[in-house]
Amino acid sequence: MQWRSLVVGLVVLRLSVSCVLWLAFGLGPNVSCGFNFHLGFNLHKLDLLFREEKGTEPSGNSWSQRIHGHKYEEPKNTCAKVGEESPKRSYLSFFDGNKDEYVRRYSSFPDTLKTKMKDMAKEMFYFGYDNYMKYAFPEDELNPIDCEGRGPDVLNPSNININDVLGNYSLTLIDTLDTLLVVGNVTEFHRAVKLVIDTVSFDKDSTVQVFEANIRILGSLISAHILLTDPKHPFGKVGFEGYNNELLHLAHDLAVRLLPAFENTSTGIPYPRVNLKTGVPPDSINETCTAGAGSLLVEFGILSRLIGDSTFEWVARRAVRALWNLRSNETGLLGNVVNIQTGQWVGKQSGLGAGMDSFYEYLLKSYILFGEKEDYRMFQAAYESIQNHLRRGRESCNEGEGDPPLYVNVNMFSGEIMNTWIDSLQAFFPGLQVLNGDVDNAICLHAFYYAIWKRFGALPERYNWQLQAPDVLFYPLRPELVESTYLLYQATKNPFYLHVGMDILQSLEKNAKVRCGYATLHHVVDKSKEDRMESFFLSETCKYLYLLFDEDNPLHKSDNKYIFTTEGHVVPIDKRFREKQWNDLFPCEEGALAERELNNRPILSNISYCNRIPEERRYTLPLKSVYMRQIDHMVGLF
C-alpha cells in the first residue's frame, strides 16, 4: 500500500505546482505552448530533443512548436477552471517588468564617451599591429602570447586550420593595409605598401584555400591599389611618387595562380585549394563549400574590370551560376557542401553561417558594384527562400506575440530543422539585411546575437538556442557582430548600437588582451586562450569598431559611396566597375536564368538606406523593451 500512497502524493504535488504556476502568470489553457521560456519551453526540453513525430508544420510562431511539427498542450486538470475565470494576458507581459532599465542604459551616448571609445579602438588596433610588425613580420600572423611570428605548418600539411590561411606571404600586413587609412595613418600606409612591394612574392610552395587567399590577400591588394590611384574616393589623394601599379600587378599574379582551381572540374565549381607554385595538388578532394566556391565574384570581377581581362570574372561568375542551378526545386535553397565533379550535394544543410554566409552576401554586393541585374534577381530569390524556410518566430520583429525571429539550419530539400544551433558567422546577416533595406529584421537578429555576447563576453563559435548553451566554445576574435552593429548604427543612428560597440570593445580588452596583442578565446566561459591572432582581427574587427565611433571619418563624409568586401576591405562604388571591355560573358549559355525566374520585381538602383528609420525612432530603443527582455531571458541572462 505504501507505493500507492507515494503515487497519490506525487500526483497531488504535481497538480499543486501546476496550479501555482497557472495562478502566478494568469495563463489560459490555450497559451501554454507559446510561453516557451521557461515554463512551456523547459518543461518539454528533453521531449523536444528526443521525440520524433511526423506531420505538417504548424502555423504558430514558436520555435519549439516547429522543431518536430508538434504542438504541446498543457495537461488538463482541475486548475483549468481557475485559468478560465482569470483574465488572460499575453505571455510577453512576463517580460514587462523593469523595462525602463533598457531605456536608461541605452537611450543616450555622450560625445565625450564616443571620443573615448574611438581612441580605445585605435589603441587596440595599434597594440595588435605594432606588435605584429615588431615580433612577427614578415611571417603571416602574430602569436600574441609568446610574442612570435607564425607561418604555414610545413611539418603537418594536413593542418588545414593553419595552412588554408597562411601562405608565407606576410598575410597580416597585407590584410591590414586599408585599415591604416581608416585610422588616418597615411605615413604608415605608405610604409606598409612599400614593404609589400619590396618583400612579398607569391612564388611559394604553399597550398592555400582559394577562398581565403581571395578575400584576405587579393581583395586587400585591389582595395589598396584603388585607394592609392583614385583621389576622388574617400581618403582623397593618398598616392605617393614612384608608385607604378605594383599592388595591382601582385593581385594579378596571385589571381593567375588561383586559376588552376577552376580547371578540370566538370561543373565549373572550383577546387577548394591550390598550390601557388604547382596548381591543384594531386590528392585534392572533390568537395567544397558553397561560400568558398561562390564568394569570388567581387574580387575577381573588380580585377577583370581594372585590367580589361574577362577571364577572372568569367570563372567566378560561372561558379556562381553552377551553384545556383543546383538549388532545390522545392525550396529554392542550396546546401553547404557540394561535389565539384558530380554536382551532388554532400552537405544538405542550408543556413546562414559557415559554408553559406558570403555566397548570399556577394550576390547583393556584386550587383551593387557591377550593376548586373542577374545578380540582384538571384539575391532576391535566395532571400525569399531564406525568409520562407529558415526564418522562425513571430512575423514582425517589433510587434505581436511569439518567439523573436531567428534563422535556423534546415534541410535544403524539405525545409525541416536539422539541428538546434547557430554559429557566430551568421551574425553578419543583420548587416546584409541593412544593405537590402530590411532594417526591422536586422534589428531583431542582431539583438539575439548581442544578448549572447552579453552573457559570455564573446560569441561562441556555435550556440545551441534550445539548450541555451554553447556547442562549440572558442571565439577567434571574429568581426561579424561588430560589422552588423556598425551598419545598423549607420542606418539608424540609434545610440543603442554605440553601447553594443562599447560592450564589445571592453570585453575584448578584458578577456582577450595579452602580452603582445589579442588572443583567440579557447573557451568563452572560463576565458582560457589560444596563442593566435588572426589577420581579420586587425582588418575587420578593429576597423569596424573604430568606424562605429568615428563620426567624422572620411568614409562617412565622402560624397562617394563604397562597400566593404567580406573581409572588410574598402571598395568604392565606381562607374568604371559597371563598364566592361567585353561582350556579355554568358550570352547564350544553357542554364542561364530562365526568364520565368527573373519575374517582374523592380531592380533597385544604388540608393542609401541610412534614412529609412523614421526620425522619431532614432532615439528610442530600436527594439521595444519587452522584446529585449524576452531575448535576454531566452539566452539565460536572467
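Presented here is an overview of the structure given in this document. Note that the coordinates shown come from a computational prediction; the quantities given were computed from them, not determined experimentally. (Residues numbered from 1 in each chain as written. Predicted model: local features only at pLDDT ≥ 70, side-chain atom pairs only at ≥ 80, totals over all residues. Heavy atoms only, no water.)

So, on to the sheet that holds strand β14 (residues 469-472). Taking strand neighbours across the sheet as the criterion, the 3 strands line up as β12-β13-β14 in an open arrangement whose pairing is antiparallel. Two strands in the sheet have a free side with no partner beyond their single neighbour: β12 (421-423) and β14. Between one strand axis and the next, the sheet turns by 35 degrees as a mean value, whatever way the strands run. In the sheet, β12 pairs with strand β13 (residues 462-464) via 3 bridges, with the strands oriented antiparallel. (Pairing = 2+ DSSP bridges. Helix = DSSP H or I, 4+ residues; strand = E, 2+ residues; numbered from the N terminus. Axes fitted to C-alpha atoms, helices over the stretch in contact; angles between N-to-C directions.)

Turning our attention to the pattern of salt bridges. Should their charged atoms come close, side chains of opposite charge can pair. Inspection of every chain in the model, using the stated rule, returns 31 salt bridges. Salt-bridge contacts for Lys-513 lead to Glu-509; the nearest nitrogen and oxygen are separated by 3.6 Å. The exposure class assigned to Lys-513 is partly exposed, which follows from its relative accessible area of 36%. Residues Lys-557 and Asp-552 are paired through a salt bridge, measuring 3.5 Å at the closest nitrogen-oxygen approach. The pair formed by Lys-557 and Asp-552 is uniform in burial state, with each residue classed as exposed. Overlapping salt bridges bring together Glu-141, Arg-150, Glu-212, Arg-216, Arg-532 and Glu-534 as one network. (Salt bridge = Lys/Arg side-chain N within 4 Å of Asp/Glu carboxyl O. Buried < 20%, exposed > 50% of the residue type's maximum accessible area, 1.4 Å probe, protein only.)

Let's shift gears to the sheet that holds strand β6 (residues 337-339). Sheet architecture is open: 3 strands sit in the order β5-β6-β7, paired in antiparallel fashion. Pairing within the sheet leaves two strands with one partner each, and these edge strands are β5 (287-289) and β7 (345-347). With direction set aside, neighbouring strand axes in the sheet form an average angle of 35 degrees. As paired strands, β6 and β7 are joined by 2 bridges and run antiparallel to one another.

Among the structural elements, Phe-127 can be located in helix α7 (residues 111-136). For Phe-127, a relative accessible area of 23% puts it in the partly exposed group. Sequence-wise, Phe-127 and Leu-538 are 411 residues apart; in three dimensions their C-alpha atoms are separated by 10.0 Å. Discounting chain neighbours no more than four positions away, the residues touching Phe-127 are Lys-513, Val-514, Arg-515, Cys-516, Gly-517 and Tyr-518. (Contact = heavy atoms within 4.5 Å.)

For the rest of this paragraph, the subject is the packing of aromatic side chains. Two descriptors summarise a pair of aromatic rings, namely the distance from one centre to the other and the angle between the planes of the rings. Evaluated as defined, the whole model comprises 29 aromatic pairs. Summarising the aromatic geometry, the rings of Tyr-367 and Tyr-376 are spaced 5.0 Å apart at their centres and angled 35 degrees between planes, so their arrangement reads as tilted. Since its relative accessible area comes to 5%, Tyr-376 is described here as buried. When the ring of Tyr-486 is compared with that of Phe-564, the centres are 6.0 Å apart and the planes differ by 80 degrees; the resulting orientation is edge-to-face. With Tyr-486 in helix α21 (residues 480-492) and Phe-564 in strand β19 (residues 562-564), this residue pair connects regions lying 78 residues apart in the sequence. Phe-564 carries the same exposure label as Tyr-486, and that label is buried. Of the aromatic side chains, those joined through ring pairs into one cluster are Tyr-367, Tyr-376, Phe-379, Tyr-383, Tyr-407, Phe-428 and Phe-429. The ring of Phe-240 is capped by Lys-194, whose NZ or CZ atom sits 4.9 Å from the centre of that ring. (Phe/Tyr/Trp six-rings, centres within 6.5 Å; stacked < 30°, edge-to-face > 60°. Lys NZ or Arg CZ within 6 Å of the ring centre and 35° of its normal.)

Below, the discussion takes up the state of the cysteines. Scanning the entire structure with this criterion turns up 2 disulfides. The disulfide partner of Cys-147 is Cys-516, and the S-S distance across this bridge is 1.8 Å. Taking the sign of the S-S torsion, about 85 degrees here, the bridge from Cys-147 to Cys-516 comes out right-handed. Within this pair, whereas Cys-147 is found in the loop between β1 (141-143) and β2 (148-150), its partner Cys-516 is found in the loop between β15 (513-514) and β16 (517-518), the two being separated by 369 residues in sequence. Of the two residues, Cys-147 and Cys-516, neither departs from the other in class, the shared state being buried. One disulfide bridge connects Cys-397 with Cys-444, the sulfur atoms lying 2.3 Å from each other. Handedness here is read from the sign of the S-S torsion; for Cys-397 and Cys-444, about 95 degrees, the answer is right-handed. With Cys-397 in the loop between β9 (391-392) and β10 (406-407) and Cys-444 in helix α20 (residues 439-456), the pair connects residues that are 47 residues apart, well separated along the chain. The burial state of Cys-397 is the same as that of Cys-444; both residues are buried. (Disulfide = S-S within 2.5 Å.)

Time to look at the side chain of Gln-433. Checked against the element boundaries, Gln-433 lands in helix α19 (residues 429-435). Taking relative accessible area as the criterion, Gln-433 reaches 0% and is therefore assigned buried. Within the structure, the side chain of Gln-433 is placed 3.4 Å from the backbone nitrogen of Ala-442, a separation counted as a polar contact. Not counting chain neighbours up to four residues away, the residues in contact with Gln-433 comprise Tyr-383, Gln-387, Tyr-407, Asp-438, Val-439, Asn-441, Ala-442 and Leu-445. (Polar contact = N/O pair within 3.5 Å; in protein donor to acceptor, adjacent residues only side chain to side chain.)

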